[in-house]
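An overview of the molecular structure
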Amino acid sequence: MVKVNCAALPSALVESELFGREKGAFTGALTRQIGRFEVADDSTIFLDEIGELSPEVQAKLLRVLEEGQFERLGSPQTLQVNVRVIAATNRDLTDDLRRGRFRRDLYYRLNVFPVRVPPLRERGEDIPMLVWAFLKEFSSRMGKKITQVPRSTMEALQRHAWPGNVRELRNVIEHGAIVTSGDTLRVPMLLDGDAGPPPAETLASSEQENILKALEKTGWRIKGPRGAATMLGVNPSTLYSRMQKLGIPNRRQKQTAGT
């Protein structure tokens, strides 16, 4: 498998890296270079961060996918290859389609067998297994014997939002292995609050807070020009429905509960 990180390649050199170049194709091209697709002939090429490719390179990539053909930079000779392509990205390509940043025809050509990898925050059950795998790696490398992870520590690891996904978890465990002196893992980077801000407030709790504030300001009046529905800019029936869904009592229910 030939691996290419599209985000790591300078934009001016992406095309020559993928498709190759002839000597003298551009200033600084002192030698002939075989492209990655040519190297991967009769094999597999993995294009990581494919969403970073420019529209010009996307067009040439589409031709390779559809016809298996391309030319090296500076050469009129068409080359034919038989390559299996695997592509990955952390970008939302559907959003890039709407904004015109990614070719629609290329997207559908690549989207033959999509595999979505959920973020780590959606796979809390995987965290203990990953923690022990990283601990085994770092303990061996550092010559330590860390054999225990407190339940409170593991629960904190599972509650964390992990915006950096598995890479962030690996870094936290590596830091913990460095500072741990005994056989029980310590993760001060996470438990001391240095691993980033807490998860944002949920939409439901935010909506509930806004409705309650409006009700308090209007004396729990919902309809009318001075009612909470007008203040919130919604239809009274919509507000009644949201209150019922969020478990917020109306004025009559509130008075009954108070008596």
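Residues numbered from 1 in each chain as written. Predicted model: local features only at pLDDT ≥ 70, side-chain atom pairs only at ≥ 80, totals over all residues. Heavy atoms only, no water.

Notes on helix H12 (residues 236–246)
- Where H12 is concerned, the buried positions are Leu239, Met243 and Leu246. The arc that holds the buried residues of H12, viewed along the axis, is 75 degrees, so those residues lie on one side. Opposite the packed face of H12, turned more than 90 degrees from it, sit the exposed residues Gln244 and Lys245. (Buried < 20%, exposed > 50% of the residue type's maximum accessible area, 1.4 Å probe, protein only. Helix = DSSP H or I, 4+ residues; strand = E, 2+ residues; numbered from the N terminus. Arc of directions from axis to C-beta.)

A look at helix H6 (residues 127–142)
- Helix length check: H6 (16 residues) gives 22 Å between terminal C-alpha atoms against 22 Å at 1.5 Å per residue, within 8%.
- Along H6, the residues classified as buried are Ile127, Leu130, Val131, Phe134, Leu135, Phe138 and Ser139. Buried residues along H6 cover an arc of 155 degrees about the axis, so they all sit on one side. Opposite its buried face, H6 presents the exposed residues Met129, Lys136 and Ser140, each directed more than 90 degrees away. (Expected span 1.5 Å × (residues − 1).)

Details of the packing of aromatic side chains
- As enumerated under the stated definition, the model contains three aromatic pairs in all.
- Measuring from ring centre to ring centre gives 5.6 Å for phenylalanine 19 and phenylalanine 70, while their planes differ by 40 degrees; the resulting arrangement is tilted. With phenylalanine 19 in helix H1 (residues 14–19) and phenylalanine 70 in strand E3 (residues 69–71), this pair connects stretches of sequence that are 51 residues apart. Grouping residues by exposure puts phenylalanine 19 and phenylalanine 70 together as buried.
- Taken together, a centroid distance of 5.1 Å and an interplanar angle of 75 degrees make the contact between tyrosine 107 and tyrosine 108 edge-to-face.
- In this structure tyrosine 108 comes out as exposed when scored by relative accessible area, which is 52%.
- By way of ring pairs, the aromatic residues Phe19, Phe37 and Phe70 are connected into one cluster. (Phe/Tyr/Trp six-rings, centres within 6.5 Å; stacked < 30°, edge-to-face > 60°.)

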